[in-house]
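One-letter residues, chain by chain:
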Amino acid sequence: MSEQRLKIAYLCDFSPLDRFMYSGGNAHMYRALQRHAGEVTILSRSWGLAEPVRRGIARLSDPMQMRLRWRAHLALAPVIARKVRAELSHARYDVLFGTYAFHALHRVTPPYPLVTAFSSDATQTIYRNSEIGSQFGSKYPGGRAFDAWVERCEAEVFNSTDLMFWPSEWLKSGADARYGLDPERSLMVPWGAGIRTAPEVSPAPFGRGLPVRLLLIGRDWFAKGGPTAFDTMTLLRARGVDARLTVIGCQPPECHRNEWVTVHPQLDKGMPDEMAVFERVFAEAHFLVQPSYESYGFAFCEASAYKLPSLCLNVGGVPVRDGVNGHALPPESGPPDFAAMIERYLEAPDEYLALARSARQEFEDHLNWDAWGRTVAAHLRAGVARLHGKGAERDAEGDIASGAGDRRAHGARRG
């Protein structure tokens, strides 16, 4: 019996057809739902009668837009939600699926029964109160004045949403506790790598006497922990290790560039020539050294796909499990700690090879978008069946619940 193809209305504050927005996560979720769940229709980003406000905000600088857009959306939700409801009335959907922008779901009342779902790697309140948010703080006076209101809006949205798919145990457990969510509706389903196809690679030769190639990826050198990665390379070189660092996505300052640093300020994976460079760099690297403060991190998924162990900080929801696809070091760790971890593997190259192979298995089992799409589609179909009073098959329900439990345990073992 073929699986039911659902009709899904997709709601976000940016189009999932833009493969650069939200680091590509929005586009990958859209495509995964198309492959595994059904027919996906992108709802308009228009604010209805408040559309002039949205267009005015869009003319501001990026930092101002980032801080004003979603707060204005919450304030104007009663008006904007009417536009969403009108679009839903034009067809009969099984699912309303929101991504990243919880504010887009605020005050939305569907015109008929359907399953509502949401996925994001953070919420504004959890991010702000985490060790990640503490690293960045508020840049504008009075920015904290709306915090309590925002949290009430979050709680209202999440408690009225049927299914929430969080990519990390860090976020799932935080959301369950903060908003009082039902654990059966709040699920941990890891996101995948930002690549279309799984590469065929072998771990680069590794051991004493060979160059050790480190890699860092991101648009913000400092936010991604660039200085620590650079100092780790420098410390290894002082100890006689021929360490080199390759950077993709940003330009380090002059003080963090020398003859052992190679920089690719931007690589577009949609361009064959640039994708070839991306693949070569990953195939030659030995460690992704990325001591960043972030709520997830697609780079760690991509590293696992290329059999590349990751070294990071144990903060937020980074998809790195100790001894499985790398190591998540304590938050206070610095260059000496990262260098010591690398030297440990230099003394045991067979252990490095086993870690590289384990990283690839982690990608194949969990950190890919097909795995996400299949799991999410199963939950959506079960939710639609329950909504229409058909009930799901008992064994299928058991498989879904068991799978969610396995993934929750999988996430809890990180670090």
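Novice: Whenever I open this one, the overall build of the protein confuses me. Can you help?
Specialist: When helices and strands are counted, the protein shows 14 helices and twelve strands. For 415 residues, the compact-globule estimate of 2.2 N^0.38 gives 22 Å, and the protein sits close to it at 22 Å. In the protein, buried positions account for 55% of the 415 residues. Expressed as a percentage of contacts within the protein between residues at least 6 apart in sequence, the contacts between residues at least 24 apart total 66%. Accessible area for the protein stands at about 18200 Å²; split by element, carbon and sulfur atoms hold 52% of it. Of the side-chain charges in the protein, 49 are positive and 48 negative, and the distance between the mean point of each set is 6 Å.

Novice: Would you explain the pattern of salt bridges in this entry?
Specialist: Opposite charge on two side chains allows them to pair when their charged atoms are near. What the rule picks out here adds up to 21 salt bridges. The closest approach of N and O atoms between Glu-51 and Arg-54, which form a salt bridge, is 2.7 Å. Residue Glu-51 and its partner Arg-54 are both found in helix H2 (residues 51–58); the two are separated by three residues, about one turn of the helix. Two residues, Arg-178 and Glu-151, come together in a salt bridge whose shortest N-O distance is 2.8 Å. Within this pair, whereas Arg-178 is found in helix H7 (residues 169–179), its partner Glu-151 is found in helix H6 (residues 147–159), the two being separated by 27 residues in sequence. Assessed through its relative accessible area of 37%, Arg-178 is described here as partly exposed. One network of salt bridges, in which partners are shared, links Arg-208, Arg-239, Glu-343 and Glu-347.

Novice: Even after reading the chapter, I still don't get the nonpolar core, so can you show me in this structure?
Specialist: Looking at soluble globular proteins, one finds that nonpolar side chains tend to be buried together. The biggest cluster of nonpolar side chains holds 61 residues, and the ones touching the most others in it are Leu-96, Phe-102, Phe-158, Leu-214, Leu-245, Phe-287 and Ile-342. By residue number, the principal contributor to this core is helix H11 (residues 335–346), which donates six residues. Every residue in contact with Ile-342, bar those within four places of it in the chain, is listed here: Phe-206, Val-212, Leu-214, Thr-232, Leu-236, Phe-287, Val-289 and Leu-311. One finds Ala-32, Phe-165, Met-275 and Trp-369 within the second-largest nonpolar core, a separate group that totals 54 residues.

Novice: When you look at the state of the cysteines in this model, what are you seeing that I'm missing?
Specialist: What makes a disulfide is a covalent bond joining the sulfur atoms belonging to two cysteines. Evaluation of the coordinates by the stated rule reveals zero disulfides. There is no disulfide at Cys-12, and the cysteine sulfur nearest it, in Cys-153, is 18 Å away. A relative accessible area of 4% means that Cys-153 is categorised as buried.

Novice: Where do I start with the sheet that holds strand E7 (residues 212–217) in this structure?
Specialist: Think of a sheet as strands paired side by side through backbone hydrogen bonds, with each pair either parallel or antiparallel. Reading across the sheet, the six strands line up as E9-E8-E7-E10-E11-E12 and stay open at both edges, with parallel pairing between neighbours. One side of each edge strand has no neighbouring strand; the edge strands of this open sheet are strand E9 (261–264) and strand E12 (326–329). Recorded for the sheet is a direction-independent mean angle of 25 degrees between the axes of neighbouring strands. Where E7 and strand E10 (residues 287–289) come together, two bridges link them in parallel fashion. Across the sheet, the residue bridging to Leu-215 is Leu-288, located in E10. Strands in contact with helix H8 (residues 226–238) are E7, strand E8 (243–248), E9 and E10; relative to E8, the strand with the most contacts, it is inclined by about 160 degrees.

Novice: Explanation requested: the sheet that holds strand E3 (residues 95–99) in the structure shown.
Specialist: Strand order in the open sheet formed by six strands is E2-E1-E3-E4-E5-E6, and the pairing between neighbours is parallel. A strand with exactly one partner marks an edge of an open sheet, and here the two such strands are strand E2 (38–42) and strand E6 (186–188). The average angle at which neighbouring strand axes cross in this sheet is 25 degrees, direction not considered. Bridge count for strand E4 (residues 115–119) against strand E5 (residues 163–166) is three bridges, and the pairing is parallel. Looking across to E5, one finds that Ser-119 is bridged to Phe-165. The sheet strands contacting helix H13 (residues 369–387) are strand E1 (6–11), E3, E4, E5 and E6, and the helix crosses E4 at an angle near 155 degrees.

Novice: When you look at the side chain of His-103 in this model, what are you seeing that I'm missing?
Specialist: Note that His-103 resides in the loop between E3 and E4. Its relative accessible area of 4% is what places His-103 among the buried residues. At a separation of 3.1 Å, a polar atom in the side chain of His-103 contacts the side chain of Asp-13. For His-103, the contacting residues outside a window of four places in its chain are Asp-13, Trp-70, His-73 and Leu-74.

Novice: Just to check I follow, could you spell out unusual backbone geometry for this structure?
Specialist: In most cases, non-glycine residues show a negative phi, while peptide bonds are predominantly trans. Unlike most non-glycine residues, Arg-107 shows phi in positive territory, near 70 degrees. Topologically, Arg-107 is positioned in the loop between E3 and E4. Residue Arg-107 is classed as partly exposed on the basis of its relative accessible area, which comes to 47%. At Lys-307, a position not held by glycine, the phi torsion is positive, near 60 degrees. You can see Lys-307 is positioned in the loop between helix H10 (298–305) and strand E11 (310–313).

Novice: Any chance you could explain the confidence of the model for the protein here in plain terms?
Specialist: Should the pLDDT be low somewhere, the predicted coordinates at that spot are not to be read in detail. Taken as a whole, the protein shows an average pLDDT of 91; of its residues, 91% reach a score of 70 or greater. Low pLDDT, under 50, characterises residues 391–399; the predicted model gives this stretch seven contacts beyond four residues in sequence or across chains. Under a pLDDT of 50 for its full length, residues 401–415 has, in the predicted model, 34 contacts with residues more than four places off or in other chains.

What counts as what
- Residues numbered from 1 in each chain as written.
- Predicted model: local features only at pLDDT ≥ 70, side-chain atom pairs only at ≥ 80, totals over all residues.
- Heavy atoms only, no water.
- Helix = DSSP H or I, 4+ residues; strand = E, 2+ residues; numbered from the N terminus.
- Rg over C-alpha atoms; globule rule 2.2 N^0.38 Å.
- Buried < 20%, exposed > 50% of the residue type's maximum accessible area, 1.4 Å probe, protein only.
- Contact = heavy atoms within 4.5 Å.
- Areas by Shrake-Rupley, 256 points an atom, 1.4 Å probe, with all protein chains shown as cover.
- Lys, Arg positive; Asp, Glu negative; His and termini not counted.
- Charge placed at Lys NZ, Arg CZ, Asp CG, Glu CD.
- Salt bridge = Lys/Arg side-chain N within 4 Å of Asp/Glu carboxyl O.
- Core = buried A, V, L, I, M, F, W, Y, C linked by side-chain atoms within 4.5 Å.
- Disulfide = S-S within 2.5 Å.
- Pairing = 2+ DSSP bridges.
- Axes fitted to C-alpha atoms, helices over the stretch in contact; angles between N-to-C directions.
- Polar contact = N/O pair within 3.5 Å; in protein donor to acceptor, adjacent residues only side chain to side chain.
- pLDDT = per-residue confidence, 0-100.

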